[in-house]
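Structural characterization, general
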Amino acid sequence: MTTRIGREAPLTVGIDVGGTNIRASVVDGAGEVLDTVQAPTPHSERALEDGLARAVRELRARHTIGAVGLAVAGFVDETRSSVRFAPHLPWQDSPVAERLAELLGLPVILEHDANAAMWAEYRFGAAAGAHNGVLVAIGTGIGAALLVEGRLYRGSYGVAPELGHLQVVPDGRACPCGKRGCWERYCSGTALVDTAIEMLATDPIHSTILSREVVSDPGALTGRRVAGAAQDGDPVASRVMAEFARWLGLGLAFVGDIFDPDLVVIAGGVSSSAPLFLDDAREHYAAAVTGARHRPLARIRTTQLGEAAGMVGAAELARSALEPSGDRGSRTGTRRGAKPAPADSGTGAGRPSGAGGRAGARR
């Protein structure tokens with residue numbers, strides 16, 4: 001290897017381990033996806049690990065692979081070798097990295113999927129050059145990742161940050177995590193549906209599109225359909241998106257008050273509808289964050305790498321683990337002295353239980 005960032009760096013495999021499908025990609029040192037295979041996710045530990053091994057072997061038959069990284073929608077321990085809990089996967093306190101390494105004869109690392117996406121965006125995408133950054137992955141729930149001085153921050157036990165379960169409405173909507181009023185219950189794909197149903201119950205006659213959908217098949221309403229109806233001019237759907245933007249901005253203001261990031265990356269499936277809400281969310285954030293008139297405001301961007309971010313990030317973290325310096329992406333609550341990355345010069349606004357949030361939100 002003559003350079004770490006480039007085509008001559010060792011090829012690695014990044015795998016997005018989802019509850020429905022596993023997607024494995026060969027990624028080069030420049031973050032380019034060279035080859036991908038996909039298969040349904042098996043439902044037992046042994047079958048899942050055998051399926052992951054088959055995917056890697058298929059790619060290995062066509063490429064020389066140096067290491068493997070898994071992006072997992074679940075709680076990964078601080079050593080990034082075991083899965084503590086994953087609501088949509090069969091692993092619980094499972095030494096996944098060790099078992100896969102034995103099957104493949106390759107180094108294997110695990111990472112939470114939001115962390116992997118954050119690392120990919122930092123190395124190759126929307127967060128390049130950021131100093132302190134936050135990724136908010138908005139899908140069924142909210143997953144999140146935190147970059148501190150150019151390194152991923154995982155907390156003392158590997159599960160930070162659980163931003164989706166910040167309580168924004170005391171005694172609010174029930175959350176699968178067991179609490180009420182969590183941020184993701186008002187700012188997610190699921191929240192779009194819940195808000196739409198609530199608004200339709202009080203104002204059904206002003207909706208030309210959503211009303212028809214709910215009458216024909218109430219269970220078929222999705223966040224994507226709500227966003228589509230807003231795009232087509234449905235008045236109620238437009239109000240739903242405005243409410244979503246308000247909650248996104250308010251939540252980001254909480255995040256800004258706590259972490260003071262210079263950059264926020266909005267990822268996840270809902271990010272594809274950003275033109276419907278992002279400008280309004282920036283305004284709500286700027287109005288709510290403490291001391292807005294006396295401080296630089298975080299830039300708020302959408303993902304550049306999209307659905308590939310988790311795989312690219314996992315592959316890049318696996319590549320980092322091959323270096324003598326070890327894992328350049330790590331920061332836990334007990335580590336100190338990380339060398340800061342260059343700061344980006346621009347500023348401006350623009351649960352161990354349950355299935356929500358970091359352990360359960362999918363992009």
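Source: prediction; values computed, not measured. (Residues numbered from 1 in each chain as written. Predicted model: local features only at pLDDT ≥ 70, side-chain atom pairs only at ≥ 80, totals over all residues. Heavy atoms only, no water.)

1. Remarks on the overall build of the protein
A count of helices and strands for the protein gives ten helices and 13 strands. Counting over 363 residues, the protein shows a buried share of 56%. Counting every atom, the protein has about 14,900 Å² of accessible surface; 52% of that belongs to carbon and sulfur. (Helix = DSSP H or I, 4+ residues; strand = E, 2+ residues; numbered from the N terminus. Buried < 20%, exposed > 50% of the residue type's maximum accessible area, 1.4 Å probe, protein only. Areas by Shrake-Rupley, 256 points an atom, 1.4 Å probe, with all protein chains shown as cover.)

2. Some thoughts on the pattern of salt bridges
With the rule as written, the count across this model stands at 20 salt bridges. Ionic pairing is found between Arg84 and Glu78, a salt bridge with its closest N-O pair at 2.5 Å. The exposure class of Arg84 is partly exposed, given its relative accessible area of 30%. What makes Glu78 partly exposed here is its relative accessible area of 33%. Through salt bridges with shared partners, a single network forms among Asp35, Glu58 and Arg62. (Salt bridge = Lys/Arg side-chain N within 4 Å of Asp/Glu carboxyl O.)

3. Section: the packing of aromatic side chains
If you walk through the whole model with that rule in mind, you get four aromatic pairs. Summarising the aromatic geometry, the rings of Trp119 and Tyr122 are spaced 5.2 Å apart at their centres and angled 45 degrees between planes, so their arrangement reads as tilted. With Trp119 and Tyr122 both in helix 3 (residues 113–124) and three residues apart, the pair spans about one turn of that helix. Residue Trp119 shares its accessibility class with Tyr122, and that shared class is buried. Ring plane angle 40 degrees and centroid distance 5.0 Å describe the contact between Tyr186 and Trp247, whose orientation is recorded as tilted. Taken together, the residues span a long stretch of sequence, with Tyr186 in the loop between strand 11 (151–153) and helix 4 (189–202) and Trp247 in helix 7 (residues 235–259) at a distance of 61 residues. Classification of Trp247 by relative accessible area gives buried; the value is 11%. The aromatic ring of Phe124 is capped on one face by Arg123, whose charged end is 5.3 Å from the ring centroid. Above the plane of the ring of Trp247 lies Arg246, whose end atom (NZ or CZ) is 4.7 Å from the centre. (Phe/Tyr/Trp six-rings, centres within 6.5 Å; stacked < 30°, edge-to-face > 60°. Lys NZ or Arg CZ within 6 Å of the ring centre and 35° of its normal.)

4. A look at the side chain of Thr41
Assignment of secondary structure puts Thr41 in the loop between strand 3 (33–40) and helix 1 (45–60). With relative accessibility at 5%, the residue Thr41 sits in the buried group. Looking at Thr41, its side chain comes within polar contact range of the main-chain nitrogen of Ile22, at 3.5 Å. What Thr41 contacts, discounting residues up to four positions off in sequence, is Gly18, Gly19, Thr20, Asn21, Ile22, Leu48 and Leu89. (Polar contact = N/O pair within 3.5 Å; in protein donor to acceptor, adjacent residues only side chain to side chain. Contact = heavy atoms within 4.5 Å.)

5. A short note on the sheet that holds strand 1 (residues 11–17)
An order of 3-2-1-4-8 is seen for the five strands of this open sheet, with the pairing classed as mixed. Of all the strands in the sheet, just strand 3 and strand 8 (108–112) have a single pairing partner and so form its edges. Pairs of neighbouring strands in the sheet enclose a mean axial angle of 20 degrees, with direction left out of account. Inspection of the sheet shows strand 1 paired to strand 2 (residues 21–27) by six bridges, in the antiparallel sense. If you follow Ile15 over to strand 2, its bridge partner there is Ala24. In the packing of helix 1 onto the sheet, contacts are made with strand 1, strand 2, strand 3 and strand 4 (65–72), and the angle to strand 2 comes to roughly 30 degrees. Across the sheet, helix 3 lies against strand 4 and strand 8, angled at about 95 degrees from strand 8, the strand it touches most. (Pairing = 2+ DSSP bridges. Axes fitted to C-alpha atoms, helices over the stretch in contact; angles between N-to-C directions.)

6. Topic: the packing of helix 1 against helix 2 (residues 96–104)
One way to put it is that helix 1 packs onto helix 2 with a least axis distance of 10 Å and a crossing angle of 45 degrees. Taken together, the axes of helix 1 and helix 2 are oblique relative to one another. The two elements helix 1 and helix 2 meet at a crossing, and its hand is right-handed. Note on element contacts: helix 2 touches helix 1 through Val96, Arg99, Leu100, Leu103 and Leu104, opposite Glu45, Glu49, Asp50, Leu52, Ala53, Val56, Arg57 and Arg60. Taken together, the residues of the contact of helix 1 with helix 2 break down into seven nonpolar, no polar and six charged. (Parallel < 35°, antiparallel > 145°, perpendicular 65-115°, else oblique. Left-handed = near helix turned anticlockwise from the far one by under 90°. Nonpolar A, V, L, I, M, F, W, Y, C, P; charged D, E, K, R; others polar.)

7. Focus: the environment of Glu198
Along the chain, Glu198 falls in helix 4. For Glu198 and Val240, which are 42 residues apart along the polypeptide, the C-alpha to C-alpha distance reads 9.6 Å.

8. Brief notes about the pairing of strand 2
Side-chain direction in a regular strand flips from residue to residue, so the side chains alternate between the two faces of the sheet. Most of strand 2 is tucked away, with six of its seven residues classed as buried. In sequence, strand 1 turns back onto strand 2 through a hairpin of three residues. Of the strand pairs in this sheet, strand 2 and strand 3 are connected by seven bridges, and their pairing is antiparallel. Paired with Ser25 across the two strands is Thr36, which belongs to strand 3. Adjacent in sequence and paired antiparallel, strand 2 and strand 3 are bridged by five residues, among which Gly31 carries a positive phi angle near 85 degrees.

9. Let's talk about the sheet that holds strand 9 (residues 133–138)
The sheet built from five strands is open, its strands ordered 11-10-9-12-13 with mixed pairing. Bordering the open sheet on either side are strand 11 and strand 13 (299–302), each of which pairs with just one other strand. This sheet shows a mean twist of 25 degrees between the axes of neighbouring strands, independent of strand direction. In the sheet, strand 12 (residues 263–267) pairs with strand 13 via four bridges, with the strands oriented parallel. Pairing of Val265 across the sheet is with Arg301, part of strand 13. Its contacts with the sheet place helix 3 against strand 9, strand 10 (142–148), strand 11 and strand 12, and it is angled at close to 50 degrees to strand 10.

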